[in-house]
Amino acid sequence: MARNVFYSFHYQKDGWRASKVRNIGVVEGNPPATDNKWEEVKRGGDGAIQAWIDGQLTNRTCTIVLVGADTADRRWVKYEIEKSWNNGKGVLGIRIHRLLDHNQQASVAGANPFDAFSVNDGRKLSSLVKLYDPPYSASADVYDHISKNIASWIESAIGDR
């Protein structure tokens, strides 16, 4: 069964890498915002951004955080993680720094974005949410690993909730 997922990522730095994962086709993802649409949403201020994110999260069963070099520091990624977790959605992360960008460059691994959150019993969210790190250095192998495993990772994240 195809799951409807929400992808969270650093739009400017990891948009190219994220599009590769989103196009795998194993799951139904939220449609990407065009640059024009995103600029329009941003012009509306924080309230408009929050409302847009909330709308995108509606009817999603899982949030996939595509983790690049600076993802953990992004304000709206943090909001998406917190909102997803608090709404009982499955949540998982996938490191994408070894996927090549539009300049055919890899990046460096960033911090675990789930380390920034604690749950009610004081445990870090990173102890409950899996952050998958494909064990390859070649971009094609990383892509293949994600492609072969993303559906089961989603099911696992949903099952963990």
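These lines cover the structure that appears in this document, whether it is placed above or below. (Residues numbered from 1 in each chain as written. Predicted model: local features only at pLDDT ≥ 70, side-chain atom pairs only at ≥ 80, totals over all residues. Heavy atoms only, no water.)

### Here we look at the pairing of strand E1 (residues 4–8)
Most of E1 sits inside the fold, with four of its five residues counted as buried. As judged from the four bridges shared by E1 and strand E3 (residues 62–67), these two strands associate in the parallel manner. Looking at E3, one finds that phenylalanine 6 is bridged to threonine 63. (Buried < 20%, exposed > 50% of the residue type's maximum accessible area, 1.4 Å probe, protein only. Helix = DSSP H or I, 4+ residues; strand = E, 2+ residues; numbered from the N terminus. Pairing = 2+ DSSP bridges.)

### Thoughts on empty space enclosed by the protein
Scanning all chains against the criterion turns up one cavity of 30 Å³ or more. Reported here for the largest cavity is a volume of approximately 60 Å³. As for the largest cavity, its lining consists of Trp85, Val91, Leu92, Leu128, Val129, Lys130, Tyr132, Trp153, Ser156, Ala157, Asp160 and Arg161. If you list the elements that add at least two residues to the lining of the largest cavity, you get strand E4 (90–95) and helix H5 (139–160). The dominant element in the lining of the largest cavity, judged by the number of residues it contributes, is H5, at four residues. Of the residues that constitute the lining of the largest cavity, the class distribution is eight nonpolar, one polar and three charged. (1 Å grid on protein atoms, 1.4 Å probe; cavity = no way out; pocket = protein on both sides within 12 Å on 5 of 7 lines; lining within 4 Å. Points joined across faces, edges and corners; volume = space filled by probe spheres on them. Nonpolar A, V, L, I, M, F, W, Y, C, P; charged D, E, K, R; others polar.)

### A word on the nonpolar core
In this structure, Val21, Ile64, Leu66, Leu92, Ile94, Ile146 and Ile150 are the most contacted members of the largest nonpolar core, which totals 20 residues. Of all elements in the fold, only E1, helix H1 (11–22), E3, E4 and H5 reach the threshold of two or more residues within this core. Element by element, the count of residues in this core is highest for H5, at six residues. With residues near it in sequence (within four places) discarded, isoleucine 64 still touches Val5, Phe6, Tyr7, Ser8, Leu92, Ile94, Ile150 and Ile154. Core analysis: the second largest hydrophobic core is formed by 12 residues, Phe114, Phe117, Leu125 and Leu131 among them. (Core = buried A, V, L, I, M, F, W, Y, C linked by side-chain atoms within 4.5 Å. Contact = heavy atoms within 4.5 Å.)

### A few points about helix H3 (residues 45–57)
For H3, built from 13 residues, the straight-helix expectation of 18 Å at 1.5 Å per residue is met to within 8% by its first-to-last C-alpha distance of 19 Å. Those residues of H3 that fall on the buried side of the exposure criterion are Ile49, Trp52, Ile53, Gln56 and Leu57. Summarising the axial view, the buried residues of H3 lie within an arc of 135 degrees, below the 170-degree limit, and thus occupy one face. Trailing H3 by a residue or two, asparagine 59 shows a phi angle of about 65 degrees, which is positive. (Expected span 1.5 Å × (residues − 1). Arc of directions from axis to C-beta.)

### Considerations on the packing of aromatic side chains
Two descriptors summarise a pair of aromatic rings, namely the distance from one centre to the other and the angle between the planes of the rings. One pass over the structure, following the stated rule, counts three aromatic pairs. Plain terms: the ring middles of tryptophan 76 and tyrosine 79 are 5.7 Å apart, the flat faces sit at 80 degrees to each other, and that makes the pair edge-to-face. Residue tryptophan 76 and its partner tyrosine 79 are both found in helix H4 (residues 75–86); the two are separated by three residues, about one turn of the helix. Overall, the relative accessible area of 18% leaves tryptophan 76 in the buried class. The ring of tryptophan 85 is capped by arginine 161, whose NZ or CZ atom sits 3.5 Å from the centre of that ring. (Phe/Tyr/Trp six-rings, centres within 6.5 Å; stacked < 30°, edge-to-face > 60°. Lys NZ or Arg CZ within 6 Å of the ring centre and 35° of its normal.)

### Thoughts on the pattern of salt bridges
In this structure the tally under the stated criterion is 11 salt bridges. The closest approach of N and O atoms between arginine 75 and aspartate 46, which form a salt bridge, is 2.9 Å. Of this pair, arginine 75 sits in helix H4 while aspartate 46 sits in helix H3, placing them 29 residues apart in sequence. Judged by relative accessible area, which is 41%, aspartate 46 ranks as partly exposed. Salt bridges linked by common partners bring Asp14, Arg17 and Asp101 together as one network. (Salt bridge = Lys/Arg side-chain N within 4 Å of Asp/Glu carboxyl O.)

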